[in-house]
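Letter by letter, the chains look like this.
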Amino acid sequence: MFNKKICLRGEFGVGKTSLVRRFVHDLFSDDYITTLGVKVTEKVLPPIEKNGKPHQYRFMIWDIAGTEEGRIQHESYWTGASGALIVADLCRPDTFAHAKKIMDHFLAINPGASVVIAGNKADLIQRQEIAAHEKTLKEIAGEISRPVFITSAKSGLSVEESFIGLAEGMLA
Amino acid sequence: MDGLVSISHLLEALKAGYAFLDPELRIVRSNARFRETHPSSPSLQDLPVFDVLPETVGLEEVLKALRSGEKTSFTLQYIAREASPDILYLRLVLVGTRDPEKPVLVVLSDETEQARILQRVQQQSFEIRLMRSLLNEKQAALAAGLIGSSGAMVRLRNTIEKLSAIPSSTILIRGETGTGKSLVARMIHLSTDLRDRPFVEFNCAAVPESLLESELFGHEKGAFTHAVSQKKGLLEEADDGTLFLDEIGDIRLNLQAKLLTVLDSRKFRRLGSIREINTRFRLIAATHRDLRSMVKEGSFREDLYYRIQVITLDCPPLRNLEDDVIRIARHFIQVYAREFGKPVAGLTPEAENKLKGYRWPGNVRELRNVIERAMIFTENPSLDSRDIQLQSTGEDAPVQTVETLPDGGLSFEELERRLLKQALERARGNQSRAARLLKMSRDTFRYRLEKHKLLE
Ligand SMILES: Nc1nc2c(ncn2[C@@H]2O[C@H](COP(=O)(O)OP(=O)(O)OP(=O)(O)O)[C@@H](O)[C@H]2O)c(=O)[nH]1
Ligand SMILES: Nc1ncnc2c1ncn2[C@@H]1O[C@H](COP(=O)(O)OP(=O)(O)O)[C@@H](O)[C@H]1O
Ligand SMILES: [Mg+2]
Ligand SMILES: [Mg+2]
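Just so it is clear, the model here is predicted, and its values are computed rather than measured.

**Q** Help me out: how do you make sense of the interface of chain A and chain B in this one?
**A** The parts lose accessible area when they come together, and the size of an interface is often stated as this lost area. On the chain B side, the residues contacting the 34 residues of chain A number 37 residues. Roughly 3,200 Å² of surface becomes buried between chain A and chain B when both sides are summed, with 57% attributable to carbon and sulfur atoms. Linking chain A with chain B are two salt bridges. Taking the shortest distance from any N to any O, the salt bridge between K39 of chain A and E82 of chain B comes out at 3.1 Å. At the boundary of chain A with chain B, the tally comes to ten residue pairs in polar contact (both at pLDDT 80 or more). Those elements giving two or more residues to the side of chain A that touches chain B turn out to be β1 (2-9), α1 (16-25), β2 (38-44) and β5 (57-64) of chain A. Looking at the side of chain A that touches chain B, the element that brings in the most residues is β2 of chain A, giving four residues.

**Q** Hey, could you run me through helix α14 (residues 324-340) of chain B in this one?
**A** Structural remark: α-helix, 3.6 residues per turn; residues separated by three or four positions point the same way. Residues and elements named next belong to chain B. For α14, spanning 17 residues, the distance from its first C-alpha to its last is 24 Å, which sits close to the expected 24 Å at 1.5 Å a residue. Those residues of α14 that sit buried are D324, V325, I326, I328, A329, F332, I333, Y336, A337 and F340. Elements in contact with the buried residues of α14: α7 (151-163), α15 (349-356), α16 (363-377) and α18 (431-437). The first or second residue beyond α14 is G341, which carries a positive phi of 60 degrees.

**Q** Looking at this structure, how should I read the pairing of strand β10 (residues 242-246) of chain B?
**A** Along any regular strand, the residues point their side chains to alternate faces of the sheet. All names here are of chain B. With five of five residues buried, β10 is to be regarded as a mostly interior element. Residues T242, F244 and D246 line one face of β10 and the alternating positions L243 and L245 line the opposite face, and both faces are buried. Bridge count between strand β7 (residues 199-203) and β10: five bridges; the pairing is parallel. Paired with F199 across the strands is T242, a residue of β10.

**Q** Would you mind going over the packing of helix α9 (residues 209-217) of chain B against helix α11 (residues 253-265) of chain B with me for this structure?
**A** Residue and element names in this part refer to chain B. Across the interface, α9 lies against α11 with an axial gap of 11 Å and an inter-helix angle of 10 degrees. With respect to α11, the axis of α9 lies roughly parallel. Contacts from E209, L212, E213, L216 and F217 in α9 reach N254, L255, K258 and V262 in α11. Class assignment of the residues belonging to the contact of α9 with α11 gives a composition of five nonpolar, one polar and three charged.

**Q** Before we go on, may I ask you to explain the site of ligand 2 in this structure?
**A** Residue and element names in this part refer to chain B. In the region of ligand 2, 17 residues are neighbours, and I147, G178, K181, S182 and R368 sit closest. At 2.9 Å, a side-chain N or O of R365 approaches an oxygen atom of ligand 2. Coverage of ligand 2 by the protein chains reaches 87% of its 560 Å² of free accessible surface. Looking at the shell around ligand 2, the elements with two or more residues in it are α8 (181-191), α14 and α16. Partitioned by chemical class, the residues of the shell around ligand 2 number seven nonpolar, six polar and four charged. Domain assignment of the residues forming the shell around ligand 2 places at least three in each of domain 2 (145-223 + 231-314) and domain 3 (318-383).

**Q** Whenever I open this one, the coordination of the magnesium ion (ligand 3) confuses me. Can you help?
**A** The expected angle between donors at a tetrahedral four-coordinate metal is 109.5 degrees. At an octahedral six-coordinate metal it is 90 or 180 degrees. Distances from the magnesium ion (ligand 3) to its protein donors, T17 of chain A (OG1) and T35 of chain A (OG1), fall at 2.0 Å. Of the two residues, T17 of chain A sits in helix α1 while T35 of chain A sits in the loop between α1 and β2, which places them 18 residues apart along the sequence.

**Q** Please explain the packing of aromatic side chains as it appears in this structure.
**A** Within a pair of aromatic rings, the relevant descriptors are the distance that separates the centres and the angle that separates the planes. Enumeration according to the criterion identifies eleven aromatic pairs over all chains in this entry. Consider the rings of Y305 of chain B and Y306 of chain B, whose centres lie 5.3 Å apart with planes at 65 degrees: the pair is edge-to-face. According to the relative accessible area criterion, Y305 of chain B is buried, its value standing at 3%. Residue Y306 of chain B is classed as partly exposed on the basis of its relative accessible area, which comes to 46%. An aromatic cluster is present here, built from F2, Y57 and F59 of chain A joined pairwise through their rings. Sitting above the plane of the F12 of chain A ring, R92 of chain A keeps its charged end 5.0 Å from the centroid. Positioned over the ring face of F20 of chain B is K102 of chain B, at 5.8 Å from the centre of the ring.

**Q** Please explain the site of ligand 1 as it appears in this structure.
**A** The immediate surroundings of ligand 1 are formed by 24 residues, with K16, S18, Y32, T34 and D123 of chain A found nearest. A distance of 2.9 Å is found between an oxygen atom of ligand 1 and a backbone nitrogen or oxygen belonging to G13 of chain A. Within the contact set of ligand 1, an oxygen atom lies 3.2 Å away from a backbone nitrogen or oxygen of V14 of chain A. Here ligand 1 loses 95% of its free accessible area of 650 Å² to cover by the protein chains. Of all elements in the fold, only α1 of chain A together with α5 (112-133) of chain B reach the threshold of two or more residues within the shell around ligand 1. A class-by-class count of the residues in the shell around ligand 1 yields eight nonpolar, ten polar and six charged.

**Q** Sorry if this is basic, but what is going on with the nonpolar core here?
**A** Across soluble globular proteins, nonpolar side chains show a tendency to be buried alongside one another. With 59 residues, the main nonpolar core has W62 and F106 of chain A together with F34 of chain B as its most contacted residues. No other element matches the six residues that helix α2 (residues 94-109) of chain A contributes to this core.

**Q** Sorry, what's going on with the packing of α7 of chain B against α8 of chain B here?
**A** In a packed pair of helices, the relevant descriptors are the angle between the two axes and the axis-to-axis distance. Residues and elements named next belong to chain B. Interaxial distance between α7 and α8 falls to 9 Å at its minimum, and their mutual angle equals 40 degrees. Where α7 crosses over α8, the two elements pack in a sense that is right-handed. Mapping the contact onto sequence places L156, I160 and L163 in α7 and V184, M187, I188 and S191 in α8. Broken down by class, the residue content of the contact of α7 with α8 amounts to six nonpolar, one polar and no charged.

**Q** Help me understand a nonpolar patch on the surface in this model?
**A** There is a patch of nonpolar side chains on the surface, built from L4, V5, L10 and L14 of chain B and spanning about 440 Å² of accessible area. Tracing the backbone shows V5 of chain B in the segment before α1 (7-13).

Definitions and limits used
Within every chain, residues take consecutive numbers counted from 1 along the sequence as written. Whichever chain is written first is A, and whichever ligand is written first is 1; the rest continue in order. Totals for whole chains, interfaces and linings use every residue, but because this is a predicted model, local features are given only for residues with pLDDT of at least 70 and side-chain atom pairs only at 80 or more, for both listing and counting. Computation of side-chain values: all heavy atoms of the structure, hydrogens and water removed. Note on contacts: a residue pair is in contact if any heavy atoms of the two residues lie within 4.5 Å. Two parts placed together each lose some accessible area under a 1.4 Å probe, and the buried area is that loss summed for both. For this document, the term salt bridge refers to a Lys or Arg side-chain nitrogen within 4 Å of an Asp or Glu carboxyl oxygen. Side-chain atoms alone can form a polar contact between residues adjacent in sequence; in general such a contact is a pair of N or O atoms within 3.5 Å, and within protein one must be able to donate a hydrogen while the other accepts it. To qualify as a helix, a DSSP run of H or I must reach at least 4 residues; to qualify as a strand, a run of E must reach at least 2; elements of each kind are numbered from the N terminus. Any helix carries an expected span of 1.5 Å times its number of residues minus one. A simple rule labels every residue: compare its accessible area, found with a 1.4 Å probe on the protein chains alone, to the largest value its type can have, and call it buried under 20%, exposed over 50%, or partly exposed in between. Two strands are said to pair when DSSP picks up at least two bridges between them. Each axis is a line fitted through C-alpha atoms, and for a helix only the stretch in contact is used; angles between axes span 0 to 180 degrees, taken between their N-to-C directions. With respect to orientation, any angle under 35 degrees is reported as roughly parallel, any angle over 145 as roughly antiparallel, any angle of 65 to 115 as roughly perpendicular, and every other angle as oblique. Throughout, the ten residues Ala, Val, Leu, Ile, Met, Phe, Trp, Tyr, Cys and Pro are labelled nonpolar, Asp, Glu, Lys and Arg are labelled charged, and all others, Gly among them, are labelled polar. Residues are labelled near a given molecule or strand when at least one of their non-hydrogen atoms is within 4 Å of it. All accessibility values rest on the Shrake-Rupley procedure with a 1.4 Å probe; residue burial counts only the protein chains present in the view. How far each domain reaches was decided by an automatic or database domain assignment. Each metal's donors are the N, O and S atoms found within 2.8 Å of it, except that Na, K and Ca use a 3.2 Å limit; water is left out, so coordination can look incomplete. Pairing of aromatic side chains requires ring centres within 6.5 Å, counting the rings of Phe and Tyr and the six-membered ring of Trp. Pairs whose planes differ by under 30 degrees are stacked, by over 60 edge-to-face, and all others tilted. Two conditions define a charge located above a ring, namely a distance within 6 Å from the ring centre to NZ of Lys or CZ of Arg, and an angle within 35 degrees of the ring normal. We define the nonpolar core as a collection of buried residues of types Ala, Val, Leu, Ile, Met, Phe, Trp, Tyr and Cys that are connected through side-chain atoms lying within 4.5 Å of one another. Should the near helix be turned counterclockwise from the far one by less than a right angle, the crossing is left-handed, whereas a clockwise turn marks it as right-handed. Exposure above 30% relative accessible area and the absence of a salt bridge qualify a residue for a patch, where like charges join within 9 Å and nonpolar side chains (Val, Leu, Ile, Met, Phe, Trp, Tyr) within 5 Å.

This is the structure in structure tokens:
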């Protein structure tokens, strides 16, 4: 079992806490209670196969307070992270550019770390819109070839996949 | 260590928790306060720090640098921990000691009080901004606006419409809680050309006096203890838009004076700054208090009162709105029927009578909650009087008993646990809603969830 620290980052209200709650406890709430500071939750992932060998991770998930316009505070939270789930809100396209800023900053501190981008709240927008947003996010992520997931903490869409995607990035 | 004072005495005096780590990063000495933060194992002796403090996982490099003296300390602020019934916020500091036996000192201190204040302030501003950004979607829902065809409601709607032609004037909205003051403020904003400009809503009663001023005016870095960075105030955010000050009657006199100055001069300064900033916004104020008698008592400034009451709107209490109770109830039935996917058509005549006979101290907000609850529980094609549970009628509100005590007794804990789970399921995971179903506050509800380990 490998213990790995991973961080959730993104603008305020994009759904970081909700994604963690869905992933760890399979719960969701419409209430918004903004996160102050950081809350660490553990979760053991299902084993991942690589070259015929199973790898098992225990994630220490750092749910970190949201940024305002991408401004970084508390940089020390990022120290020693093996991965980051960078979250954007599909209903707020302005959060995309901030996600890019945060991702670049994170990789500067933790070069070589695994990064996944999640476009969250898919349940709130129309199908046609999703495709366009996904394309934009892929352009942002594509520059450094990181995967993009379209997620919904509310419906559960691709939530587990995103976290597993992070673990796979660590094996790559 | 430097011989002046013992570190452990110092840390005890500061009410901090501490532990020393050995070269293998295991805990070798800790005080009671430190162990309190990890109540599941009574002694932490010889446990690896990574097991005791999950926040240290990943910090191997940092710990190495502390041991070698390359780094002197490392700090993590505001680490949240679930601690029943509330959340605790800790500061974690790692310090290198240069003692080969105990090369690292871990200090934990309680920052909960400060964190709570910061959390509340951020909650206000983030919540508003998140709502505003989702406004386009909500706009459609709001278009329905104020429901009702009683004389008072029709007059109110007409006034709002007229106001759209005079976008600059200050407006005061009066009314009891839950009568729709916030809704009216938003409708006014949306009905004018300011529609695409910011609508900044702020509840003056929800933030401690000491922070109100910096919220409104903003501050420069270092203007006061918690001002860790520069921040725009609401006056600045509302520029060219609408500033909605809810519960304006709750602002103290000295801040009233400052607000009046801004309204007159259209200029203000951030705290800690000498630069004047120009701002133009429409002020909408609301209160459930009687400002005129507050003026008489001397708790509200007369000049500010006259400045804001140029145009006054009164949101009437629901009990004076005749049949509107039924119209508004039907509206909410439609809303929740869609949300819960339940084909409930309307109200039986008995249910209507029950709604009409009640005083509605919480007005439309209370009506909405009553309908929401009824819609969650009902199995009927129309809401029946038994579905309608009113708070304070005394008679006619039979407590729904769940069961009689079986002869063999039952596990009360298990019953409580099942009810909590059911409420959560019915409310689809929404804790506030689930708490309302069990008629308890959200905090109490969360406390009980935690007790049964139904919470993270
Ligand atoms: N419909 C929908 N709402 C969501 C989804 N994810 C989050 N939300 C809602 O969005 C709001 C913010 O969610 P949070 O999870 O608290 O956001 P956050 O990123 O942790 O916010 P901060 O801690 O303030 O940075 C809440 O009201 C959630 O219920 C989603 O996938 N779909
Ligand atoms: N006439 C009305 N028609 C429909 N909904 C209303 C009406 N008045 C109030 N509401 C709704 O009732 C709730 C409470 O209104 P709110 O504006 O928050 O009250 P206040 O600010 O006076 O306490 C909100 O959900 C609001 O949309
Ligand atoms: Mg959060
Ligand atoms: Mg209000």
